[in-house]
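Listed here are the chains, written in short residue letters.
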Amino acid sequence: MKVVTVKNAQEGGKIAFTLLKEKMAQGIQTLGLATGSTPETFYQEIRQSDLDFSEMTSINLDEYVGLDQSSDQSYAYFMKQHLFDAKPFKMSYLPDGKATDLEAAAKDYDRIIAENPIDFQILGIGRNGHIGFNEPGTSFDKTTHVVDLAPSTIEANSRFFDSSDDVPKQAMSMGIASIMASKTIVLLAFGSEKADAIKGMVEGSVTEELPASVLQNHADVIVIVDEAAASKLA
Ligand code: GLP
């Protein structure tokens, strides 16, 4: 795991963008994408660039269960606003959180991932160390699955909703096994509220209690953190 400390989210987004550009010059086909506040500067860099994704595929990590794609809190809406409207891909996939049969939709997502191996996966991290929506206690063997969100995640994400009662209680998420199958992983974290999770991920033991710690077992992970998120590292 390589840790790069940057001044702020702006610089972090630029570095992640440069890594992506290098990989695209080498011919990568499929991007794994994330939502949340953290990758916003990365998407901003992409929007301002001349990169072209019209021959590429994107696969998002997760989506809330029950939200319509047109709902402005859905991750589908987030991706349109932050990336896809400006930079369309040949194909873009997100989990179908409105599916009547969620189990079948999860299996279908696994098939999509298997057919489009992820070359470059962007990740954020939850305050409790979750990646995607894989909450503490999730088996490292999971592929796409329906998740009951942890109360702390509902609380953290309530800032995007009118109240915490409006935050969906479930999500569909790519599993940890799927994330670990990505060839290159770039994890971004900014702000002091991520410092404990970053310390556990980088220096703690590998445990399902801190899902991101599994990344210690991956051969190509770059962690981009600002000084606040890095502040508890030895
Ligand atoms: C959310 C998302 C994650 C994201 C994390 C951190 O719940 N499911 O993919 O990385 O929590 O979000 P933020 O970047 O807004 O802090």
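In this text, all values refer to a predicted model and were calculated from it rather than measured experimentally.

A. Looking closely at the overall build of the protein. For the protein, the count of helices and strands is 7 helices and 10 strands. Here the C-alpha radius of gyration of the protein, 16 Å, is about what a compact globule of 234 residues would show, namely 17 Å. If one aligns the C-alpha atoms of the protein with their principal axes, the spans along those axes are about 45 × 40 × 35 Å. Per-residue burial over the protein gives 54% buried out of 234 residues. For the protein, the proportion of contacts with a sequence separation of at least 24, taken over those separated by at least 6, is 80%. Looking at the protein as shown, the accessible area adds up to about 10200 Å², and 47% of this sits on carbon and sulfur atoms. Measuring between centres, the 20 positive side-chain charges of the protein sit 5 Å from its 34 negative side-chain charges.

B. Up close: helix α3 (residues 75-84). Buried residues dominate α3, accounting for 7 of its 10 residues. Listed in full, the buried residues belonging to α3 are Y75, A76, F78, M79, H82, L83 and F84. Buried residues of α3 fall within an arc of 150 degrees about the axis and therefore sit on the same side. Against the buried residues of α3 lie β2 (30-33), α2 (40-47), β3 (57-60), β4 (62-64), β5 (91-93) and α5 (151-157).

C. Focus on helix α7 (residues 195-203). All of the buried residues in α7 are A195, A197, I198, G200 and M201. Check the buried side of α7 and you find it contacts β9 (184-189) and β10 (221-226).

D. Quick look at the site of the ligand. The ligand sits among 13 residues. The nearest are S37, T38, D62, R159 and K194. Look at the ligand: alone it shows 390 Å² of surface, and the protein chains cover 94% of it.

E. Focus on the pairing of β2. Judged by which residues are buried, β2 turns out to be covered on both faces: T30 and G32 on one side and L31 and L33 on the other are all buried. In the sheet, β2 pairs with β3 via 4 bridges, with the strands oriented parallel. By the bridge assignment, L31 is partnered in β3 with S58. Note that β2 and strand β6 (residues 120-123) share 2 bridges and pair parallel. Bridge pairing in β6 places L31 opposite F120.

F. Here's a closer look at the sheet that holds β4. Here 3 strands make up an open sheet; going across it, the order is β4-β8-β7 and the pairing antiparallel. The outermost strands of the open sheet, each flanked by one partner alone, are β4 and β7 (145-148). In this sheet, neighbouring strand axes are inclined to one another by 25 degrees on average, regardless of whether the strands run parallel or antiparallel. Alignment of β7 against strand β8 (residues 170-173), held across 4 bridges, turns out to be antiparallel. Counted as the bridge partner of V147 is A171 from β8.

G. The arrangement of the environment of K7 in detail. Locating K7 in the fold gives a position in the loop between β1 (2-6) and α1 (9-25). Along the sequence, K7 and P39 sit 32 residues apart, while their C-alpha atoms lie 15 Å from each other.

H. Up close: the packing of α1 against α2. Running from N to C, α1 and α2 point in directions that differ by 55 degrees, and their axes come no closer than 7 Å. What the angle tells us is that α1 and α2 run oblique. Like other packed secondary-structure pairs, α1 and α2 cross with a definite hand, here right-handed. Along the contact surface, α1 presents A9, Q10, G13, K14, A16, F17 and L20, while α2 presents T41, F42, Q44, E45 and I46. A class-by-class count of the residues in the contact of α1 with α2 yields 6 nonpolar, 4 polar and 2 charged.

Thresholds applied
Position numbers for residues start from 1 in each chain and track the written sequence from start to end. Reporting in this predicted model follows two pLDDT cut-offs: at least 70 for local features of residues, and 80 or more for side-chain atom pairs to be given and counted; totals over whole chains, interfaces and linings ignore these cut-offs and use all residues. Only hydrogens and water are removed before side-chain values are computed, so all heavy atoms of the structure are retained for them. Going along the chain from the N terminus, every DSSP run of H or I of four or more residues is numbered as a helix, and every run of E of two or more is numbered as a strand. Here the globule rule is a power law, 2.2 Å times the number of residues to the power 0.38, and the radius of gyration is based on C-alpha atoms. Categorising residues by exposure relies on relative accessible area from a 1.4 Å probe, with only protein chains included: less than 20% of the type maximum marks a residue as buried, more than 50% marks it as exposed, and the intermediate range marks it as partly exposed. Here, residues are in contact when the closest pair of their heavy atoms is within 4.5 Å. Surface exposure here means Shrake-Rupley accessible area, sampled with a 1.4 Å probe, where a residue is shielded only by the protein chains that are shown. When charges are counted, Lys and Arg are positive and Asp and Glu negative, with His and the chain ends excluded. Where a charge lies is defined by one atom per residue type: Lys uses NZ, Arg uses CZ, Asp uses CG and Glu uses CD. Throughout, the arc means the angular range of directions from the helix axis out to the C-beta atoms. The cutoff for a nearby residue is simple: one of its non-hydrogen atoms must lie within 4 Å of the molecule or strand. Two strands qualify as a pair provided that DSSP identifies no fewer than 2 bridges between them. Here the axes come from fitting lines to C-alpha atoms, over the contacting stretch only for helices, and the angles between their N-to-C directions go from 0 to 180 degrees. Throughout, the term roughly parallel applies to angles under 35 degrees, roughly antiparallel to angles over 145, roughly perpendicular to angles from 65 to 115, and oblique to all others. Handedness of each helix crossing follows the sense of rotation of the near helix against the far helix: counterclockwise by less than a right angle gives left-handed, clockwise gives right-handed. Put simply, Ala, Val, Leu, Ile, Met, Phe, Trp, Tyr, Cys and Pro go in the nonpolar bin, Asp, Glu, Lys and Arg in the charged bin, and everything else, Gly too, in the polar bin.

Function cannot be inferred from these measures alone, as they are strictly geometric.
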